[in-house]
Amino acid sequence: MNQIEKKQEIFNLVKKYYKDYHENLNEYKKGDKISYAARVYDAQEMINIVDTALEFWLTSGSYCEKFEKELGEYLGIQYVNLVNSGSSANLLAFMALTSPLLKDRQIKRGDEVITVAAGFPTTVTPIIQYGAVPVFVDITIPQYNIDISQLEKAISSKTKAIMIAHTLGNPFELESVKTFCEKYNLWLIEDNCDALGSKYIINGEEKFTGTIGDIGTSSFYPPHHMTMGEGGAVYTNNPLLNKIIKSLRDWGRDCICPSGVDNYCKHRYDGQFGELPQGYDHKYVYSHFGYNLKATEMQAAIGVAQLEKFPSFVERRIYNFNRLLKGLECLSDYLILPSPCPNSNPSWFGFLITCKKGVSRNKLVKYLEENSIQTRMLFAGNLTKHPCFDQLRKDNYGYRVISDLHNSDRIMMDTFWIGVYPGMTDDKLDYMINTIKNFFKEY
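The rules we used
Residues numbered from 1 in each chain as written. Predicted model: local features only at pLDDT ≥ 70, side-chain atom pairs only at ≥ 80, totals over all residues. Heavy atoms only, no water. Helix = DSSP H or I, 4+ residues; strand = E, 2+ residues; numbered from the N terminus. Buried < 20%, exposed > 50% of the residue type's maximum accessible area, 1.4 Å probe, protein only. Contact = heavy atoms within 4.5 Å. Areas by Shrake-Rupley, 256 points an atom, 1.4 Å probe, with all protein chains shown as cover. Lys, Arg positive; Asp, Glu negative; His and termini not counted. Charge placed at Lys NZ, Arg CZ, Asp CG, Glu CD. Patch = residues over 30% accessible without salt bridge, like charges linked within 9 Å, V, L, I, M, F, W, Y side chains within 5 Å. Salt bridge = Lys/Arg side-chain N within 4 Å of Asp/Glu carboxyl O. Arc of directions from axis to C-beta. Expected span 1.5 Å × (residues − 1). Polar contact = N/O pair within 3.5 Å; in protein donor to acceptor, adjacent residues only side chain to side chain.

A. View of the overall build of the protein. Helix and strand counts for the protein stand at 13 helices and 14 strands. In terms of principal-axis extent, the alpha carbons of the protein reach across some 80 × 70 × 45 Å. Looking at the protein as a whole, 53% of its 443 residues are labelled buried. Look at the contacts in the protein between residues 6 or more apart in sequence, and 74% of them connect residues 24 or more apart. For the protein, the accessible surface area stands at approximately 20,400 Å², while carbon and sulfur atoms represent 51% of it. Seen as two clouds, the 49 positive and the 52 negative side-chain charges of the protein have centres 3 Å apart.

B. Spatial organisation of a nonpolar patch on the surface. A surface patch of nonpolar side chains, about 460 Å² in accessible area, is lined by Trp 251, Tyr 280, Tyr 284 and Tyr 286. Topologically, Tyr 286 is positioned in the loop between helix 8 (239-249) and helix 9 (297-328). On the basis of relative accessibility, which here comes to 45%, the residue Tyr 286 falls in the partly exposed class.

C. Fine view of helix 10 (residues 361-370). Listed in full, the buried residues belonging to helix 10 are Arg 361, Leu 364, Val 365, Tyr 367 and Leu 368. The buried residues of helix 10 occupy an angular sector of 160° when the element is viewed end-on, so they sit on one face. Along helix 10, the residues that are exposed and aim more than 90 degrees away from the buried face are Asn 362, Lys 363, Lys 366 and Glu 370. Close packing links the buried residues of helix 10 with strand 10 (335-336), strand 12 (350-355), helix 12 (406-414), strand 14 (415-419) and helix 13 (426-442). Ser 372 sits one or two positions beyond helix 10 and adopts a positive phi of about 70°.

D. Broad picture of helix 1 (residues 3-21). For helix 1, which comprises 19 residues, the first-to-last C-alpha distance of 27 Å matches the rise-based estimate of 27 Å (1.5 Å per residue) to within 8%. Among all positions of helix 1, only Lys 7, Phe 11, Val 14 and Tyr 18 are buried. For helix 1, the arc enclosing every buried residue in end-on projection is 55°, short of the 170-degree limit, so these residues lie on one face. Helix 1 presents Leu 13 and Lys 19 as exposed residues on the side facing more than 90 degrees away from its buried surface. Packing partners of the buried residues in helix 1 comprise helix 2 (43-55). The distance from a side-chain oxygen at the start of helix 1 to the backbone nitrogen of Ile 4 is 3.2 Å, and the residue carrying that oxygen is Asn 2.

Next up, the structure:
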């Protein structure tokens with residue numbers, strides 16, 4: 001038996017193992033806990049992992065290249081760089097804008113970046129850690145995205161960029177934000193970690209979110225739209241930004257040789273860089289203070305299999321969202337239900353609910369959890385209220401706030417969400433709908 005035949009024998013065993021021990025794991029029985037999110041996979045993901053294990057190529061390689069290529073083709077974007085997490089993707093996206101290669105558009109310490117307080121910390125963390133200044137504007141309800149009416153109040157002579165997320169798959173008003181960025185010559189980073197597959201019509205053309213700004217980011221953590229365990233991606237159509245992102249991801253190298261490849265550029269020993277001696281090995285020349293944020297072959301192998309299924313994941317998320325919306329519309333006297341951004345087709349990550357006056361979110365959430373329905377807050381609620389901001393407040397340094405962040409505080413007090421992931425069945429969705437209705441009957 002040759003190597004190919006031996007591999008196939010192993011893969012057949014993996015298929016059988018999946019069928020015997022994994023295939024029915026997501027079957028729903030009354031009383032089972034309904035998670036807000038979960039992995040959806042089949043034997044192909046497991047086969048791909050075993051394939052990489054048999055080759056024992058442990059860092060990035062052919063699967064990583066394949067994933068980058070295929071994700072780029074799906075999104076219709078030119079450059080994709082796979083990384084080890086969505087947080088790393090946001091870090092790279094922001095740090096790319098601090099590169100001296102950008103000259104007068106380089107973000108420097110003390111420059112300002114417009115963002116929102118109602119979101120996930122790692123959209124904001126890179127800004128603060130670098131020494132730039134986040135400028136927080138409020139959000140709107142029930143879209144839960146940036147309030148574009150506050151943008152003009154947020155601008156200053158130090159503003160260099162906007163970095164915001166599409167909340168739980170719902171695109172922010174990209175046309176208005178993009179126009180604002182063009183007016184003031186600002187960079188736009190789309191944190192697309194919760195919105196892969198969402199679409200937005202801009203200038204009459206429907207595009208995927210994450211591809212309309214200067215840089216987009218994705219996360220492939222297990223609860224997200226697709227998974228590779230841990231993983232993320234940074235994408236752009238700008239060749240200079242791509243060069244910077246790749247450098248920062250790969251230790252800050254000036255060289256573009258892939259891992260394990262020498263002298264790809266054919267000029268490994270004939271360059272002059274900085275104050276290094278003439279002909280210093282280009283593989284060890286550093287043009288940025290970078291990191292090692294590459295993904296592994298095992299991660300990418302899962303991602304390649306997930307990407308094949310991804311369009312069906314998006315379809316199911318939309319279906320699940322609409323079923324919940326229809327089922328809960330009768331409770332509009334008590335609950336604010338989510339609304340898509342105009343000109344958008346969201347790939348929903350979750351179903352957001354805001355309790356109206358007189359309805360206790362804590363009681364409703366406790367009731368759902370006691371009835372085996374997992375809930376989540378809208379991440380930080382108002383990030384500036386968290387302990388990590390205590391020292392910044394004491395020092396009166398490090399961030400600015402526009403308005404009183406009234407809606408950010410509102411979601412901190414009154415908002416939560418439930419899941420719409422592709423593994424949800426009609427039985428699970430209907431159980432969630434009926435349980436929420438029963439809460440109002442009982443209380």
